[in-house]
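Coordinate analysis (summary)
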Amino acid sequence: QVQLVESGGGLVQAGGSLRLSCAASGRTFSRYTMGWFRQVPGKEREFVATISRSGGITAYGDSVKGRFTISRDNTKNTVYLQMNSLKPEDTAVYYCAAVDLGWRGNIRTKLNEYDSWGQGTQVTVSS
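It should be emphasised that the depicted structure is a prediction, and the values quoted were computed from it without experimental measurement.

Among the secondary structure elements, E46 is positioned in strand β5 (residues 46–51). E46 sits 34 residues away from Y80 along the chain, and the two C-alpha atoms are 17 Å apart. Leave out the neighbours within four places in its chain, and E46 touches W36, F37, R38 and S63. A polar contact is formed between the side chain of E46 and the side chain of S63, at a distance of 3.3 Å.

This is the structure we're talking about:
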């Protein structure tokens, strides 16, 4: 498994932007499929975005398509989530996740398919 630390959360007005970062430990970051999920109290953790090992394949949850962009820099062991046109309903704790899929594929969108998680970073969007 890999250790993950998120940063970049905060308070922003509706319509604004934030960029989240997730720094991973270790020398094998490029082996990991990465994902972003979010959670509000009382609700299940929701898929936001995922990116393949090379960064060439991405996928997004329906609620963020066209507004959020996931990217990664394997030289910096970091994955990013650029969030634009933020809405109050984007308010949540955002979690970074990782899984080494090996030969089993490129991306994953389900919560239980990831085996390493960060501690989360709070994003609050005011109306």
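Still more to cover.
Next up on the list: the state of the cysteines. Note on terminology: a disulfide is the covalent bond linking the sulfur atoms of two cysteines. Inspection of the entire model under this criterion finds 1 disulfide. Here C22 connects covalently by a disulfide to C96, the sulfurs 2.1 Å from one another. Linking C22 and C96, the disulfide has an S-S dihedral of approximately -80° and is accordingly described as left-handed. Placement of C22 in strand β3 (residues 18–24) and of C96 in strand β9 (residues 92–99) is noted, with a sequence separation of 74 residues between them. Take C22: its relative accessible area is 0%, and that puts it in the buried class. A relative accessible area of 0% means that C96 is categorised as buried.

It is worth spelling out the side chain of T33 at this point. Its place among the elements puts T33 in strand β4 (residues 33–39). Here N106 takes part through its backbone oxygen, which lies 2.7 Å from a polar atom of the side chain of T33.

Okay, the pairing of strand β8 (residues 78–83) next. By the criterion of burial, β8 is predominantly enclosed, with 5 of the 6 residues buried. When β3 meets β8, the two strands line up antiparallel, connected through 6 bridges. Its bridge partner being in β8, L18 is matched across the sheet by M83. The hairpin turn running from strand β7 (residues 68–73) into β8, its antiparallel successor, is 4 residues long, and N77 in that turn takes a positive phi close to 55°.

Cut-offs and rules
Residues numbered from 1 in each chain as written. Predicted model: local features only at pLDDT ≥ 70, side-chain atom pairs only at ≥ 80, totals over all residues. Heavy atoms only, no water. Helix = DSSP H or I, 4+ residues; strand = E, 2+ residues; numbered from the N terminus. Contact = heavy atoms within 4.5 Å. Polar contact = N/O pair within 3.5 Å; in protein donor to acceptor, adjacent residues only side chain to side chain. Disulfide = S-S within 2.5 Å. Buried < 20%, exposed > 50% of the residue type's maximum accessible area, 1.4 Å probe, protein only. Pairing = 2+ DSSP bridges.

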